[in-house]
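So the chains spell out like this:
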Amino acid sequence: MKRTGEIVLSIIGALSSLIMVIAGLVFLYRKDSETYLEYLHANWSESEVATLLEQMSQAGTMWVLPGIIGIAVGIVAIIMLKGNSSPKLAGWILILASVVVCIVSVFGFIPAIFFIIAGIMALARKENVSKQAIR
């Protein structure tokens, strides 16, 4: 049985997780960038700069961690669905991963939407039973 829908949704979820990782790394890089810090200190007060840098550090971490989890789970699910070896297990893994990603970070809901839809599709789709097997 072809699992094209589940595979495509898993790929989209993994790609959106990759975008989360990249955005988080940009936050983490920018908070240590010398030119960015000079710009902030020239235009903002010390308390505003300290608050912004703390928020950028937290945001970077809260985007990178669920992104890495989403990429790993997405790749594992794609492999399991591609060979059609265990679609039910892949469905449960996708649903569990979507819950974990949302718990770790509120921004993880974007890939989680794709993962949960793909997981439900993998669980709900029944195997085709040919008419010849019944006779």
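Structure first, text after, so check above.
These lines cover the structure that appears in this document, whether it is placed above or below. Since the structure is predicted, the reported quantities are computational estimates derived from the model, not experimental observations.

### Some points on the overall build of the protein chain
Here's step 1: What the protein chain contains, in helices and strands, is six helices and zero strands.
Here's step 2: Secondary structure of the protein chain in N-to-C order comes out as α-α-α-α-α-α.
Here's step 3: For 135 residues, the compact-globule formula gives about 14 Å, and the C-alpha radius of gyration of the protein chain, at 20 Å, lies well above that figure.
Here's step 4: Looking at the 135 residues of the protein chain, the share that counts as buried comes to 36%.
Here's step 5: Residue pairs at least 24 apart in sequence account for 78% of intrachain contacts in the protein chain once pairs closer than 6 positions are excluded.
Here's step 6: Looking at the protein chain, you have 10 positive and 8 negative side-chain charges, and the mean spots of the two groups are 34 Å apart.

### Notes on the nonpolar core
Here's step 1: Counting residues in hydrophobic clusters, the biggest one holds 13 residues, and the most contacted among them are Ile7, Val73, Leu81, Ala90, Leu94 and Ala118.
Here's step 2: Broken down by secondary-structure element, the contributors of at least two residues to this core are helix H1 (4–30), helix H3 (46–82), helix H4 (87–104) and helix H5 (109–124).
Here's step 3: The leading source of residues in this core is H3, at five residues.
Here's step 4: When neighbours within four sequence positions are excluded, alanine 118 is seen to be in contact with Glu6, Leu9, Ser10 and Leu94.
Here's step 5: Core analysis: the second largest hydrophobic core is formed by five residues, Leu40, Val49, Leu52 and Met56 among them.

### A short note on H4
Note: α-helices contain 3.6 residues per turn, so residues at a spacing of three or four share the same orientation.
Here's step 1: For H4, built from 18 residues, the straight-helix expectation of 26 Å at 1.5 Å per residue is met to within 8% by its first-to-last C-alpha distance of 25 Å.
Here's step 2: For H4, the full list of buried residues reads Pro87, Ala90, Gly91, Leu94, Ile95, Ala97, Ser98 and Val101. Seen from one end, H4 has its buried residues packed into an arc of 160°, which puts them on one side. Of the residues in H4, the exposed ones pointing more than 90 degrees away from the buried face are Trp92, Leu96 and Ile103.
Here's step 3: Elements in contact with the buried residues of H4: H1, H3 and H5.

### What about the packing of H1 against H3?
Here's step 1: For the pair H1 and H3, interaxial distance at closest approach is 7 Å and the crossing angle is 155°. Here H1 lies roughly antiparallel to H3, going by the angle between them. Every pair of crossing elements has a handedness; the one defined by H1 and H3 is left-handed.
Here's step 2: Its residues placed into classes, the contact of H1 with H3 shows 20 nonpolar, nine polar and three charged.

### Considerations on H5
Here's step 1: Helix length check: H5 (16 residues) gives 22 Å between terminal C-alpha atoms against 22 Å at 1.5 Å per residue, within 8%.
Here's step 2: What H5 keeps buried is the set Pro111, Ala112, Phe115, Ala118, Gly119, Ala122 and Leu123. Seen along its axis, H5 keeps its buried residues to an arc of 135°; they face one direction.
Here's step 3: Buried-residue contacts for H5 involve H1, H3 and H4.

Rules of the game
- Residues numbered from 1 in each chain as written.
- Predicted model: local features only at pLDDT ≥ 70, side-chain atom pairs only at ≥ 80, totals over all residues.
- Heavy atoms only, no water.
- Helix = DSSP H or I, 4+ residues; strand = E, 2+ residues; numbered from the N terminus.
- Rg over C-alpha atoms; globule rule 2.2 N^0.38 Å.
- Buried < 20%, exposed > 50% of the residue type's maximum accessible area, 1.4 Å probe, protein only.
- Contact = heavy atoms within 4.5 Å.
- Lys, Arg positive; Asp, Glu negative; His and termini not counted.
- Charge placed at Lys NZ, Arg CZ, Asp CG, Glu CD.
- Core = buried A, V, L, I, M, F, W, Y, C linked by side-chain atoms within 4.5 Å.
- Expected span 1.5 Å × (residues − 1).
- Arc of directions from axis to C-beta.
- Axes fitted to C-alpha atoms, helices over the stretch in contact; angles between N-to-C directions.
- Parallel < 35°, antiparallel > 145°, perpendicular 65-115°, else oblique.
- Left-handed = near helix turned anticlockwise from the far one by under 90°.
- Nonpolar A, V, L, I, M, F, W, Y, C, P; charged D, E, K, R; others polar.

Structural measurements only, silent on function.
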